[in-house]
Amino acid sequence: MAMFQIGPHTIDSQVILAPMAGVTDLPFRRLCKRLGAGMVVSEMITADTRLWHTRKSSYRLQKDQNDSLNVVQIAGGDPEMMAEAARVNAANGAHIIDINMGCPAKKVCNKAAGSALLKDEKLVRDILQATVAAVELPVTLKIRTGWDTHNRNGESIARIAEDAGIQALAVHGRTRACGYKGDAEYDTIARIRKAINIPLFANGDINSPVKARQVLDYTGADAVMLGRPAQGNPWIFREISHYLSTGKVLPSPAAEEVRDILLEHLEALYLFYGHYAGIRIARKHVGWYLRNRQDSTLFKNSESFRNEFNRIEETELQLSAIRSFFTAPDKAEAAA
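For every chain, the first residue of its written sequence is number 1, and the numbers climb from 1 along that sequence. Reporting of local features is limited, given that this is a predicted model, to residues whose pLDDT is at least 70; pairs of side-chain atoms are given and counted only at 80 or more, and all residues count toward the totals for whole chains, interfaces and linings. Hydrogens are left out, water is left out, and the side-chain values use all remaining heavy atoms of the structure.

Undergrad: Tell me about the packing of helix H11 (residues 275–291) against helix H12 (residues 302–309), residues and numbers included.
TA: Packing of H11 against H12 brings their axes to within 10 Å, and their N-to-C directions diverge by 175°. The orientation of H11 with respect to H12, classified from their angle, is roughly antiparallel. Contacts between H11 and H12 involve Ala282, Arg283, Val286, Gly287, Leu290 and Arg291 on the former and, on the latter, Ser302, Phe305, Arg306 and Phe309. Note on residue categories: nonpolar means Ala, Val, Leu, Ile, Met, Phe, Trp, Tyr, Cys or Pro, charged means Asp, Glu, Lys or Arg, and polar means any other residue, Gly included. Tallied by class, the residues present in the contact of H11 with H12 amount to five nonpolar, two polar and three charged. Axis angles are defined between N-to-C directions and span 0 to 180 degrees, where every axis is a line fitted to C-alpha atoms and, for a helix, only to the segment in contact. A run of H or I in DSSP becomes a helix once it reaches four residues, and a run of E becomes a strand once it reaches two; helices and strands are each numbered from the N terminus. Just so you know how the angles are binned, under 35 degrees is roughly parallel, over 145 roughly antiparallel, 65 to 115 roughly perpendicular, and the rest oblique. A contact between two residues is defined here by any heavy atoms of the two lying within 4.5 Å.

Here it is in C-alpha coordinates:
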(Lines give C-alpha, C1' and ligand atoms only; values in the text may rest on other atoms or scores of the structure.)
Protein backbone atom coordinates (compact mmCIF):
# COMPACT_ATOMS: atom_id res chain seq x y z
CA MET A 1 0.00 0.00 0.00
CA ALA A 2 1.21 3.49 -0.79
CA MET A 3 2.69 5.44 2.09
CA PHE A 4 3.37 9.13 2.46
CA GLN A 5 5.34 11.47 4.69
CA ILE A 6 4.31 14.39 6.86
CA GLY A 7 7.60 15.87 7.93
CA PRO A 8 9.55 13.04 9.59
CA HIS A 9 6.44 10.89 10.05
CA THR A 10 5.65 8.00 7.71
CA ILE A 11 1.95 7.21 7.48
CA ASP A 12 1.40 3.55 6.65
CA SER A 13 -2.25 3.69 5.63
CA GLN A 14 -4.26 5.71 3.13
CA VAL A 15 -7.20 6.01 5.52
CA ILE A 16 -7.32 8.85 8.08
CA LEU A 17 -9.81 9.71 10.81
CA ALA A 18 -11.12 13.26 10.41
CA PRO A 19 -11.36 15.51 13.46
CA MET A 20 -14.95 15.80 14.72
CA ALA A 21 -16.00 17.87 17.71
CA GLY A 22 -17.78 15.69 20.26
CA VAL A 23 -16.70 12.48 18.53
CA THR A 24 -12.95 12.06 18.04
CA ASP A 25 -12.02 12.01 21.70
CA LEU A 26 -9.12 9.93 22.95
CA PRO A 27 -11.12 6.67 23.38
CA PHE A 28 -12.49 6.87 19.83
CA ARG A 29 -9.13 7.78 18.33
CA ARG A 30 -7.45 4.83 20.02
CA LEU A 31 -10.15 2.49 18.75
CA CYS A 32 -9.95 3.74 15.16
CA LYS A 33 -6.15 3.52 15.21
CA ARG A 34 -6.36 -0.09 16.40
CA LEU A 35 -8.83 -0.88 13.63
CA GLY A 36 -6.70 0.43 10.79
CA ALA A 37 -6.65 4.24 10.68
CA GLY A 38 -3.21 5.40 9.60
CA MET A 39 -3.59 8.72 11.35
CA VAL A 40 -6.15 10.15 13.77
CA VAL A 41 -6.78 13.81 14.58
CA SER A 42 -7.99 15.32 17.83
CA GLU A 43 -11.19 17.22 18.33
CA MET A 44 -10.85 20.89 17.42
CA ILE A 45 -9.32 22.98 20.23
CA THR A 46 -9.73 26.73 20.44
CA ALA A 47 -6.55 28.70 19.90
CA ASP A 48 -7.47 30.87 22.87
CA THR A 49 -5.37 29.24 25.58
CA ARG A 50 -7.26 31.25 28.22
CA LEU A 51 -10.20 28.90 27.65
CA TRP A 52 -8.24 25.70 28.10
CA HIS A 53 -9.11 25.43 31.79
CA THR A 54 -12.67 24.32 30.97
CA ARG A 55 -13.64 20.69 31.44
CA LYS A 56 -14.40 20.29 27.73
CA SER A 57 -11.00 21.63 26.69
CA SER A 58 -9.21 19.51 29.29
CA TYR A 59 -10.67 16.38 27.68
CA ARG A 60 -9.83 17.57 24.18
CA LEU A 61 -6.23 18.29 25.15
CA GLN A 62 -5.66 14.71 26.35
CA LYS A 63 -3.11 12.80 24.28
CA ASP A 64 -2.20 9.14 24.00
CA GLN A 65 1.22 8.99 25.61
CA ASN A 66 1.90 5.67 23.85
CA ASP A 67 1.13 7.01 20.38
CA SER A 68 4.07 8.12 18.25
CA LEU A 69 1.81 10.42 16.22
CA ASN A 70 -0.38 12.81 18.21
CA VAL A 71 -2.10 15.22 15.83
CA VAL A 72 -3.73 18.22 17.53
CA GLN A 73 -6.14 20.45 15.64
CA ILE A 74 -6.44 24.12 16.58
CA ALA A 75 -8.89 26.76 15.37
CA GLY A 76 -8.88 30.53 15.55
CA GLY A 77 -8.69 33.70 13.54
CA ASP A 78 -5.77 35.55 15.13
CA PRO A 79 -2.27 34.73 13.83
CA GLU A 80 -0.49 35.43 17.12
CA MET A 81 -3.02 33.42 19.10
CA MET A 82 -2.75 30.49 16.68
CA ALA A 83 1.03 30.60 16.91
CA GLU A 84 0.93 30.54 20.70
CA ALA A 85 -1.56 27.64 20.71
CA ALA A 86 0.77 25.72 18.41
CA ARG A 87 3.76 26.39 20.70
CA VAL A 88 1.89 25.25 23.80
CA ASN A 89 0.64 22.07 22.14
CA ALA A 90 4.13 21.32 20.87
CA ALA A 91 5.47 21.69 24.39
CA ASN A 92 2.71 19.38 25.64
CA GLY A 93 3.71 16.53 23.33
CA ALA A 94 1.96 17.08 19.99
CA HIS A 95 3.77 15.69 16.95
CA ILE A 96 1.74 17.49 14.28
CA ILE A 97 -0.31 20.70 14.50
CA ASP A 98 -3.39 20.75 12.28
CA ILE A 99 -5.19 24.02 11.50
CA ASN A 100 -8.96 24.00 11.08
CA MET A 101 -10.28 26.08 8.21
CA GLY A 102 -12.98 23.59 7.35
CA CYS A 103 -15.54 23.63 10.16
CA PRO A 104 -18.85 25.08 8.89
CA ALA A 105 -20.49 25.46 12.31
CA LYS A 106 -22.02 28.90 12.82
CA LYS A 107 -20.58 29.29 16.32
CA VAL A 108 -17.11 28.78 14.83
CA CYS A 109 -17.59 30.84 11.68
CA ASN A 110 -19.17 33.70 13.59
CA LYS A 111 -15.86 34.07 15.41
CA ALA A 112 -13.96 34.37 12.10
CA ALA A 113 -12.54 30.87 12.40
CA GLY A 114 -13.06 27.55 10.66
CA SER A 115 -14.22 27.82 7.06
CA ALA A 116 -15.13 31.51 7.55
CA LEU A 117 -11.44 32.25 7.06
CA LEU A 118 -11.61 31.12 3.43
CA LYS A 119 -13.18 34.52 2.63
CA ASP A 120 -9.97 36.33 3.58
CA GLU A 121 -6.95 34.93 1.77
CA LYS A 122 -4.55 37.46 3.30
CA LEU A 123 -5.59 36.45 6.80
CA VAL A 124 -5.23 32.79 5.80
CA ARG A 125 -1.67 33.48 4.70
CA ASP A 126 -0.88 35.38 7.90
CA ILE A 127 -2.25 32.60 10.12
CA LEU A 128 -0.44 29.85 8.26
CA GLN A 129 2.88 31.67 8.17
CA ALA A 130 2.70 32.57 11.86
CA THR A 131 1.81 29.05 12.94
CA VAL A 132 4.45 27.36 10.79
CA ALA A 133 7.10 29.77 12.07
CA ALA A 134 6.12 29.17 15.69
CA VAL A 135 6.99 25.47 15.88
CA GLU A 136 9.50 23.00 14.52
CA LEU A 137 6.71 20.42 14.13
CA PRO A 138 4.95 19.78 10.83
CA VAL A 139 1.83 21.91 10.41
CA THR A 140 -1.09 20.66 8.32
CA LEU A 141 -4.35 22.27 7.20
CA LYS A 142 -7.97 21.24 6.69
CA ILE A 143 -10.19 23.32 4.40
CA ARG A 144 -13.37 23.20 2.36
CA THR A 145 -13.55 23.85 -1.36
CA GLY A 146 -14.54 27.46 -0.72
CA TRP A 147 -17.06 29.75 0.94
CA ASP A 148 -19.99 28.93 -1.34
CA THR A 149 -20.58 27.36 -4.74
CA HIS A 150 -19.86 30.71 -6.44
CA ASN A 151 -16.59 31.12 -4.54
CA ARG A 152 -14.66 27.86 -4.70
CA ASN A 153 -11.20 29.23 -4.01
CA GLY A 154 -9.75 25.96 -2.73
CA GLU A 155 -6.98 25.99 -5.33
CA SER A 156 -5.84 29.46 -4.32
CA ILE A 157 -5.90 28.55 -0.62
CA ALA A 158 -3.96 25.35 -1.37
CA ARG A 159 -1.20 27.29 -3.10
CA ILE A 160 -1.04 29.76 -0.23
CA ALA A 161 -0.78 26.83 2.18
CA GLU A 162 2.07 25.15 0.33
CA ASP A 163 3.94 28.46 0.00
CA ALA A 164 3.51 29.05 3.75
CA GLY A 165 5.13 25.72 4.62
CA ILE A 166 2.04 23.60 5.29
CA GLN A 167 3.10 19.97 4.94
CA ALA A 168 -0.23 18.26 4.15
CA LEU A 169 -3.69 19.44 3.14
CA ALA A 170 -7.12 17.86 3.74
CA VAL A 171 -10.03 19.08 1.63
CA HIS A 172 -13.70 18.44 2.33
CA GLY A 173 -15.60 18.35 -0.95
CA ARG A 174 -18.23 20.89 0.09
CA THR A 175 -18.25 24.64 0.58
CA ARG A 176 -18.94 26.39 3.88
CA ALA A 177 -22.44 27.28 2.65
CA CYS A 178 -23.18 23.63 1.81
CA GLY A 179 -22.64 22.51 5.39
CA TYR A 180 -23.17 18.75 5.14
CA LYS A 181 -26.03 18.95 2.64
CA GLY A 182 -26.00 17.55 -0.86
CA ASP A 183 -23.27 15.39 -2.31
CA ALA A 184 -19.58 16.08 -1.93
CA GLU A 185 -17.83 17.04 -5.17
CA TYR A 186 -14.33 15.94 -6.00
CA ASP A 187 -13.53 18.06 -9.07
CA THR A 188 -12.08 20.84 -6.90
CA ILE A 189 -9.95 18.32 -5.00
CA ALA A 190 -8.65 16.95 -8.31
CA ARG A 191 -7.70 20.47 -9.42
CA ILE A 192 -5.98 21.09 -6.09
CA ARG A 193 -3.96 17.91 -6.61
CA LYS A 194 -2.54 19.39 -9.81
CA ALA A 195 -1.80 22.71 -8.09
CA ILE A 196 0.29 21.47 -5.14
CA ASN A 197 2.92 18.85 -4.38
CA ILE A 198 2.34 18.24 -0.66
CA PRO A 199 0.26 15.24 0.52
CA LEU A 200 -3.45 15.72 -0.15
CA PHE A 201 -6.36 14.04 1.66
CA ALA A 202 -9.84 13.82 0.14
CA ASN A 203 -12.74 14.11 2.58
CA GLY A 204 -16.53 13.93 2.24
CA ASP A 205 -19.05 11.11 1.68
CA ILE A 206 -16.42 8.37 1.59
CA ASN A 207 -18.48 5.62 3.19
CA SER A 208 -17.26 2.37 1.66
CA PRO A 209 -14.09 0.69 0.39
CA VAL A 210 -15.25 0.96 -3.22
CA LYS A 211 -16.02 4.67 -2.83
CA ALA A 212 -12.59 5.23 -1.28
CA ARG A 213 -10.90 3.63 -4.30
CA GLN A 214 -13.00 5.68 -6.70
CA VAL A 215 -12.22 8.96 -4.93
CA LEU A 216 -8.49 8.26 -4.76
CA ASP A 217 -8.41 7.37 -8.46
CA TYR A 218 -10.49 10.40 -9.48
CA THR A 219 -8.73 13.03 -7.38
CA GLY A 220 -5.18 11.69 -7.25
CA ALA A 221 -5.21 12.29 -3.50
CA ASP A 222 -2.70 10.48 -1.31
CA ALA A 223 -5.31 9.34 1.21
CA VAL A 224 -8.96 9.53 2.13
CA MET A 225 -10.16 11.15 5.35
CA LEU A 226 -13.32 9.79 7.00
CA GLY A 227 -15.53 11.58 9.50
CA ARG A 228 -19.21 10.73 9.88
CA PRO A 229 -18.98 7.31 8.14
CA ALA A 230 -16.75 6.16 11.03
CA GLN A 231 -19.34 6.92 13.71
CA GLY A 232 -20.48 3.59 15.10
CA ASN A 233 -18.49 1.97 12.31
CA PRO A 234 -14.81 2.12 13.33
CA TRP A 235 -13.91 -1.06 11.46
CA ILE A 236 -14.42 0.87 8.19
CA PHE A 237 -10.72 1.79 8.37
CA ARG A 238 -9.75 -1.88 8.31
CA GLU A 239 -12.19 -2.57 5.48
CA ILE A 240 -10.94 0.29 3.30
CA SER A 241 -7.26 -0.46 3.96
CA HIS A 242 -7.79 -4.10 3.02
CA TYR A 243 -9.63 -3.21 -0.17
CA LEU A 244 -7.04 -0.65 -1.25
CA SER A 245 -4.23 -3.15 -0.80
CA THR A 246 -5.93 -6.30 -2.15
CA GLY A 247 -8.93 -5.26 -4.21
CA LYS A 248 -11.07 -7.58 -2.11
CA VAL A 249 -13.99 -6.65 0.13
CA LEU A 250 -13.82 -7.89 3.71
CA PRO A 251 -17.03 -9.38 5.11
CA SER A 252 -18.85 -7.19 7.61
CA PRO A 253 -17.88 -7.94 11.21
CA ALA A 254 -19.93 -10.62 12.90
CA ALA A 255 -22.39 -9.55 15.58
CA GLU A 256 -20.07 -10.96 18.24
CA GLU A 257 -17.21 -8.74 17.12
CA VAL A 258 -19.49 -5.69 16.98
CA ARG A 259 -20.54 -6.48 20.55
CA ASP A 260 -16.97 -6.82 21.75
CA ILE A 261 -15.83 -3.60 20.07
CA LEU A 262 -18.83 -1.72 21.45
CA LEU A 263 -18.21 -3.00 24.98
CA GLU A 264 -14.54 -2.06 24.69
CA HIS A 265 -15.55 1.41 23.53
CA LEU A 266 -18.03 1.93 26.36
CA GLU A 267 -15.57 0.84 29.03
CA ALA A 268 -12.98 3.24 27.60
CA LEU A 269 -15.52 6.07 27.76
CA TYR A 270 -16.29 5.36 31.42
CA LEU A 271 -12.58 5.29 32.26
CA PHE A 272 -11.86 8.51 30.37
CA TYR A 273 -14.84 10.66 31.36
CA GLY A 274 -15.92 9.07 34.62
CA HIS A 275 -19.24 7.34 35.18
CA TYR A 276 -21.62 10.29 34.99
CA ALA A 277 -20.38 11.82 31.73
CA GLY A 278 -19.31 8.47 30.30
CA ILE A 279 -22.82 7.06 30.60
CA ARG A 280 -24.28 10.01 28.70
CA ILE A 281 -21.64 10.05 25.99
CA ALA A 282 -22.06 6.28 25.57
CA ARG A 283 -25.68 6.77 24.55
CA LYS A 284 -24.95 8.55 21.29
CA HIS A 285 -22.26 6.05 20.34
CA VAL A 286 -24.60 3.10 20.97
CA GLY A 287 -27.16 4.80 18.75
CA TRP A 288 -24.59 5.07 15.95
CA TYR A 289 -23.44 1.46 16.29
CA LEU A 290 -26.97 0.12 16.07
CA ARG A 291 -28.07 2.55 13.35
CA ASN A 292 -25.24 1.40 11.12
CA ARG A 293 -26.30 -2.23 11.36
CA GLN A 294 -29.88 -1.95 10.15
CA ASP A 295 -29.11 -4.46 7.38
CA SER A 296 -28.77 -7.24 9.94
CA THR A 297 -31.71 -9.21 11.30
CA LEU A 298 -30.31 -8.73 14.79
CA PHE A 299 -30.66 -4.97 14.53
CA LYS A 300 -34.00 -4.65 12.73
CA ASN A 301 -35.90 -3.80 15.91
CA SER A 302 -33.21 -1.86 17.77
CA GLU A 303 -35.17 1.38 18.17
CA SER A 304 -37.06 0.26 21.27
CA PHE A 305 -33.82 -1.01 22.76
CA ARG A 306 -32.13 2.35 22.18
CA ASN A 307 -35.00 4.15 23.87
CA GLU A 308 -34.65 1.95 26.94
CA PHE A 309 -30.85 2.11 26.87
CA ASN A 310 -30.94 5.91 26.99
CA ARG A 311 -32.69 5.76 30.37
CA ILE A 312 -30.01 3.64 32.05
CA GLU A 313 -28.02 5.51 34.71
CA GLU A 314 -25.38 2.90 35.70
CA THR A 315 -22.36 1.69 33.78
CA GLU A 316 -22.75 -1.98 34.65
CA LEU A 317 -26.39 -1.91 33.58
CA GLN A 318 -25.41 -0.33 30.26
CA LEU A 319 -22.85 -3.07 29.65
CA SER A 320 -25.30 -5.76 30.72
CA ALA A 321 -27.96 -4.38 28.39
CA ILE A 322 -25.57 -4.51 25.44
CA ARG A 323 -24.57 -8.10 26.22
CA SER A 324 -28.24 -9.10 26.50
CA PHE A 325 -29.14 -7.37 23.25
CA PHE A 326 -26.53 -9.29 21.30
CA THR A 327 -27.28 -12.58 23.06
CA ALA A 328 -31.05 -12.44 22.80
CA PRO A 329 -32.26 -9.38 20.91
CA ASP A 330 -35.88 -10.18 21.58
CA LYS A 331 -35.13 -9.88 25.31
CA ALA A 332 -32.95 -6.80 25.09
CA GLU A 333 -35.67 -4.40 26.08
CA ALA A 334 -36.39 -6.40 29.22
CA ALA A 335 -32.70 -6.53 30.08
CA ALA A 336 -32.42 -2.78 29.67
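Undergrad: With reference to specific residues and values, describe the pairing of strand S8 (residues 139–144).
TA: Think of it in three bands: with a 1.4 Å probe and only protein chains considered, a residue is buried below 20% of the maximum accessible area for its type, exposed above 50%, and partly exposed in between. When you tally the buried positions in S8, you get six out of six residues, the bulk of the element. Neither face of S8 is left uncovered, since the one carrying Val139, Leu141 and Ile143 and the one carrying Thr140, Lys142 and Arg144 both have all their residues buried. When DSSP finds at least two bridges between two strands, those strands are taken to pair. Pairing of strand S7 (residues 96–101) with S8 involves five bridges; the strand directions are parallel. The partner of methionine 101 across the bridge, within S8, is isoleucine 143. Sheet analysis places S8 next to strand S9 (residues 169–172), joined by four bridges and oriented parallel. From the neighbouring strand, isoleucine 143 faces S9, where its bridge partner is valine 171. Crossover connection from S8 via helix H6 (residues 154–164) to parallel S9: handedness right-handed. By convention, orient the strands away from the viewer: a clockwise path from the first strand over the helix to the second makes the crossover right-handed.

Undergrad: Give a description of the packing of aromatic side chains that names residues and reports values.
TA: Ring pairs are drawn from Phe, Tyr and Trp, using the six-membered ring of Trp, whenever the two centres fall within 6.5 Å, and their geometry is named by plane angle: stacked under 30 degrees, edge-to-face over 60, tilted for the rest. As enumerated under the stated definition, the model contains six aromatic pairs in all. Seen from their ring centres, phenylalanine 272 and tyrosine 273 are 4.8 Å apart, and the 85° between their planes marks the pair as edge-to-face. Note on phenylalanine 272: relative accessible area 17%, which makes it buried. Using a relative accessible area of 13% as the deciding quantity, one classes tyrosine 273 as buried. A centroid spacing of 5.8 Å and a plane angle of 40° characterise the contact between phenylalanine 305 and phenylalanine 309, whose relative ring orientation is tilted. Taken together, the positions of phenylalanine 305 and phenylalanine 309, both in helix H12 and four residues apart, correspond to about one turn of that helix. Of the residues examined, phenylalanine 309 reaches a relative accessible area of 0% and is grouped as buried. Our definition puts a charge over a ring when NZ of Lys or CZ of Arg is within 6 Å of the ring centre and also within 35 degrees of the ring normal. Between arginine 280 and the ring centre of tyrosine 276, over which it is positioned, the NZ or CZ distance is 3.8 Å.

Undergrad: Residue-level account of the environment of isoleucine 261, with values.
TA: Tracing the backbone through its elements, the reader meets isoleucine 261 in helix H10 (residues 255–273). Residues isoleucine 261 and glycine 232, spaced 29 residues apart in sequence, show a C-alpha to C-alpha distance of 9.9 Å.

Undergrad: Any details on the pairing of S9? Residues and values, ideally.
TA: Because side chains alternate across S9, one face comprises the buried residues Leu169 and Val171, and the other comprises Ala170 and His172, equally buried. Bridge count for S9 against strand S10 (residues 200–203) is four bridges, and the pairing is parallel. Looking across to S10, one finds that valine 171 is bridged to alanine 202. Read from S9 through helix H7 (residues 187–195) to S10, the crossover connection turns out right-handed.

Undergrad: Talk me through the environment of leucine 123; I want residue IDs and the actual numbers.
TA: Inspection of the secondary structure puts leucine 123 in helix H5 (residues 121–134). In this structure the C-alpha to C-alpha distance between leucine 123 and glycine 77, which are 46 residues apart in sequence, comes to 7.9 Å. Ignoring sequence-local partners within four residues, the contact set of leucine 123 consists of Gly77, Pro79 and Leu117.

Undergrad: Any chance you could break down unusual backbone geometry for me, citing the residues and the numbers?
TA: One non-glycine residue, aspartate 205, adopts positive backbone phi at about 65°. Tracing the chain through its elements places aspartate 205 in the loop between S10 and helix H8 (209–219). We classify aspartate 205 as partly exposed; its relative accessible area is 21%.

Undergrad: Help me get a handle on the sheet that holds S7, residues and values and all.
TA: On the basis of which strands lie adjacent, the open sheet formed by nine strands has the order S4-S3-S11-S10-S9-S8-S7-S6-S5 and parallel pairing. Looking at the sheet topology across the chains shown, the edges are occupied by strand S4 (39–40) and strand S5 (45–46). Looking at chain direction, strand S3 (residues 15–17) and strand S11 (residues 223–226) are connected through three bridges and run parallel. Bridged to valine 15 within S11 is valine 224. Sheet strands in contact with helix H3 (residues 79–91) are strand S6 (71–75) and S7, and its direction is about 160° off that of S6. Across the sheet, helix H9 (residues 236–246) lies against S3 and S11, angled at about 160° from S3, the strand it touches most.

Undergrad: Go over the environment of serine 302, please, and point to the residues and values.
TA: Relative to the helices and strands, serine 302 resides in helix H12. Spatially, the C-alpha atom of serine 302 lies 8.8 Å from that of phenylalanine 325, the residues being 23 residues apart in sequence.

Undergrad: So, the packing of H5 against H6: which residues are in play, and what are the values?
TA: Running from amino to carboxyl end, H5 crosses H6 at an angle of 25°, the nearest separation of the two axes being 9 Å. If you check the angle between H5 and H6, you find them roughly parallel. In the packing of H5 onto H6, the handedness of the crossing is right-handed. Contacts between H5 and H6 involve Glu121, Val124, Arg125, Leu128, Gln129 and Val132 from the first element and Ser156, Ile157, Ile160, Ala161 and Ala164 from the second. Throughout, a crossing is termed right-handed when the near helix is turned clockwise from the far one, and left-handed when it is turned anticlockwise from it by less than a right angle.

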